[in-house]
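Report on the structure
The lines below spell out each chain.
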Amino acid sequence: MKRQKWGSKLGVVMAVAGSAVGLGNFLRFPGQAAANGGGAFMIPYFIALILLGIPLMWIEWTVGSYGGLFGHGTAPGMFHEMTKNRFIKYFGIIGIFGPVVIFIYYTYIESWLLGYAFFTAKGTLMEAARQGEASVQTFLSGYQGIEKNAYFNSLWPAFFFFLITFFLNMIVIYGGIKGGIERLAKFAMPTLLIMAVIIAVRVVTLGTPDPAFPDRSFLNGLGFLWNPDFSKLADVDVWLAASGQIFFTLSVGIGVILTYASYLSKGDDVTLSGLSAVSTNEFAEVILGGTIVIPAAFIFLGTEGVSKVMTSLFNLGFVTMPLILAKLPFGGFFAFLWFFLLFLAGLTSSVSLIQPAVSFMEDEFSLNRIKSVWIIGIVTFTSCLPGILWLKYGVVDELDFWGGTFGLVLFATIETIVFGWVFGIENAWDELHSGSDFRIPTIFKYIIKYVTPTYLLVLLGVWFYQKFWGVIIMQDVPPENKPYILFTRLFLLALLLILVILVKVAWHPERQAIKKARKGIE
């Protein structure tokens, strides 16, 4: 079975950028920057980008491209080809496990954006926003199924939009690399960026809406976000927050870039393509993300109001922004753009999260696209249900921690060591420049081998020293939530065990002989 390929260089860059651009760009980044020293936050942010983000992006593009030459679209096969070690491939399981776990909860949150876009167009959300913060908060709680209220008396509306979102993901994945993911990215990325620019321009031209507060202007809002507080640089948490934001925003350490890069053609450039994806993401994050949410909130809420809403970045998008946009002429139009651009950003991210599992079934078990999508679709749909039904018990937060936080750093550490030390930095450097349109400065050779893995190992070491035991004993988990968190952890262990078994079966000598025979026939 011949592996698929991207239709164009632009297509793969758009797809990788689409995987990265999401809620983190428009909500998480401005909130993190404002809470961690404003302009001073950009110092550890750009240091983390240079020492972690860009090297990891190049590593993943290179490992993925190399693995694709041998017909592998996921980390177990790639690690096996790079090391020829019978055990190292099992470490690559995290590169399938992490994306699946994130997809399980991310798709549900993504569906809220579609639902909110619908209820904005219908006028229900804007009506709630005009009644004040309490009404918008009630609207959100009702939509999530946390409580029954005047807006929603069941979880069915949210579940309906989840079904639409889930099946949209499956349709895109079924369409394949070129006909599904690339086609979506070429439409969604320009569309959402245009929507973001329209909203940003509107925020820039707000002026001073309330004469009673002449200091609440766009420029002062930018000042609130970007004026540096250099005393924050002495706080280690600020540096950890900057590193976490880089992981979150570039989608490195997950495994999806490995899979996307595996569909490149032999000799395709990875250095410039990787930088192009990073640049697109940084434009969306620093320029657009830094222009919309915090300045708009400052104009209408002032310093104290912004400081209050920043304590919950989630409410910033679903509560604060509707309140702000409702105050504008044609506020419903801008609110619809806001939620729909976030939905498109979420969709381009979620399809990337499910693709590694589908690629694994196709490449290692020689299943066709239809069977692979059906199997992964049934498994992930069933796995989504606990997060939907038990949202108020912290299940989504638990999934996010293991799949979207700890798993990212752990997998990034593993792939960096495999790339720079096991595969060998000389081999890695040559492979990185295979078909390259330009030479990377030699300093990055030493950053990739020494600085990046050291940085990651220190992050992991600090976490294990400070947090490990408290997490294991569920120290900060409310007593009523513990049974649900325990169930979630047992589910994740079962998923990990299933993946270990599947990798073991896939590399059974008899199956490998069958695969080689089929390749010979093809």
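Residues numbered from 1 in each chain as written. Predicted model: local features only at pLDDT ≥ 70, side-chain atom pairs only at ≥ 80, totals over all residues. Heavy atoms only, no water.

**Remarks on unusual backbone geometry**
Rules: Labels follow the DSSP assignment, with helices taken as runs of H or I lasting at least four residues and strands as runs of E lasting at least two, numbered in each case from the N terminus. Here's how the labels work: a residue is buried when its accessible area is under 20% of the maximum for its type, exposed when over 50%, partly exposed in between, all with a 1.4 Å probe on protein chains only.
Even without glycine at this site, Ser366 takes up a positive phi of about 55 degrees. Relative to the assigned elements, Ser366 resides in the loop between helix 16 (331–365) and helix 17 (369–389). Exposure remark for Ser366: the relative accessible area of 27% places this residue in the partly exposed category.

**Some remarks on the side chain of Thr291**
Stated precisely, the cut-off is as follows: Whenever a nitrogen or oxygen atom comes within 3.5 Å of another N or O atom, the pair is scored as a polar contact, on the condition that within protein one atom can donate a hydrogen and the other can accept it, and that pairs from neighbouring residues in sequence are kept only if both atoms are in side chains. Any two residues having at least one pair of non-hydrogen atoms within 4.5 Å are treated as being in contact.
Its location among the elements puts Thr291 in helix 14 (residues 271–309). For Thr291, a relative accessible area of 14% gives the class buried. A polar side-chain atom of Thr291 sits 2.3 Å from the main-chain carbonyl oxygen of Ile287. Leaving out residues up to four positions away in the same chain, Thr291 has contacts with Ala200, Val203, Val204 and Phe218.

**Quick look at the nonpolar core**
Put simply, the rule reads: The nonpolar core is taken to be a set of buried Ala, Val, Leu, Ile, Met, Phe, Trp, Tyr and Cys residues, with the residues joined through side-chain atoms within 4.5 Å.
Counting residues in hydrophobic clusters, the biggest one holds 182 residues, and the most contacted among them are Trp6, Phe26, Phe41, Trp61, Phe247, Ile292 and Trp338. Here the element with the most residues in this core is helix 16; it accounts for 19 residues. What Trp338 contacts, discounting residues up to four positions off in sequence, is Phe26, Leu27, Ile199, Ile292, Val293, Gly317, Met321 and Leu325.

**Let's talk about helix 1 (residues 9–20)**
Side chains of residues three or four places apart in an α-helix project in the same direction, reflecting 3.6 residues per turn. In plain terms, the rule: Helix span, as expected, comes to 1.5 Å for every residue beyond the first.
Between its first and last C-alpha, helix 1 extends 17 Å over 12 residues, near the 16 Å set by a 1.5 Å rise per residue. Burial analysis of helix 1 places 10 of its 12 residues in the buried class, the great majority of the element. Residues of helix 1 that are buried include every one of Gly11, Val12, Val13, Met14, Ala15, Val16, Ala17, Gly18, Ser19 and Ala20, and no others.

**A few points about the side chain of Ser65**
Note on placement: Ser65 falls in helix 3 (residues 42–69). A relative accessible area of 13% means that Ser65 is categorised as buried. If near-sequence neighbours (up to four positions away) are discounted, Ser65 is found in contact with Ala261, Ser262, Leu264 and Val270.

**Some words on helix 6 (residues 94–122)**
The cut-off we apply is this: Here the bend at each residue means the angle between axes fitted to two seven-residue stretches, the one ending at that residue and the one beginning there.
With 29 residues, helix 6 extends 42 Å between its outermost C-alpha atoms, agreeing within 8% with the 42 Å of an ideal straight helix rising 1.5 Å per residue. Within helix 6, the axis deviates most sharply at Ile104, by approximately 30 degrees. Among the 29 residues in helix 6, 26 count as buried, and that is most of the element. Two residues or fewer after helix 6 comes Gly123, characterised by a positive phi angle close to 100 degrees.

**Side note on the packing of aromatic side chains**
Stated precisely, the cut-off is as follows: Centres within 6.5 Å are what make two rings of Phe, Tyr or Trp a pair, Trp counting through its six-membered ring; a difference in plane orientation under 30 degrees is then read as stacked, over 60 as edge-to-face, and the rest as tilted. A ring has a charge above it when a Lys NZ or an Arg CZ is no more than 6 Å from the ring centre and no more than 35 degrees off the ring normal.
Taken as a whole and judged by the stated rule, the model has 52 aromatic pairs. When the ring of Tyr108 is compared with that of Trp112, the centres are 5.3 Å apart and the planes differ by 80 degrees; the resulting orientation is edge-to-face. Of this pair, Tyr108 and Trp112 both sit in helix 6, separated by 4 residues, roughly a single helical turn. One exposure class covers both Tyr108 and Trp112, and it is buried. Geometrically, the ring pair formed by Trp390 and Tyr484 is edge-to-face, given 5.0 Å between the ring centres and 65 degrees between the ring planes. Here Trp390, found in the loop between helix 17 and helix 18 (395–422), pairs with Tyr484, found in helix 22 (residues 482–506); they are 94 residues apart in sequence, far enough to count as distant. Between the NZ or CZ atom of Arg3 and the centre of the ring of Tyr263, over which it lies, the distance is 4.2 Å.

Honestly, it's all geometry; don't read function into it.
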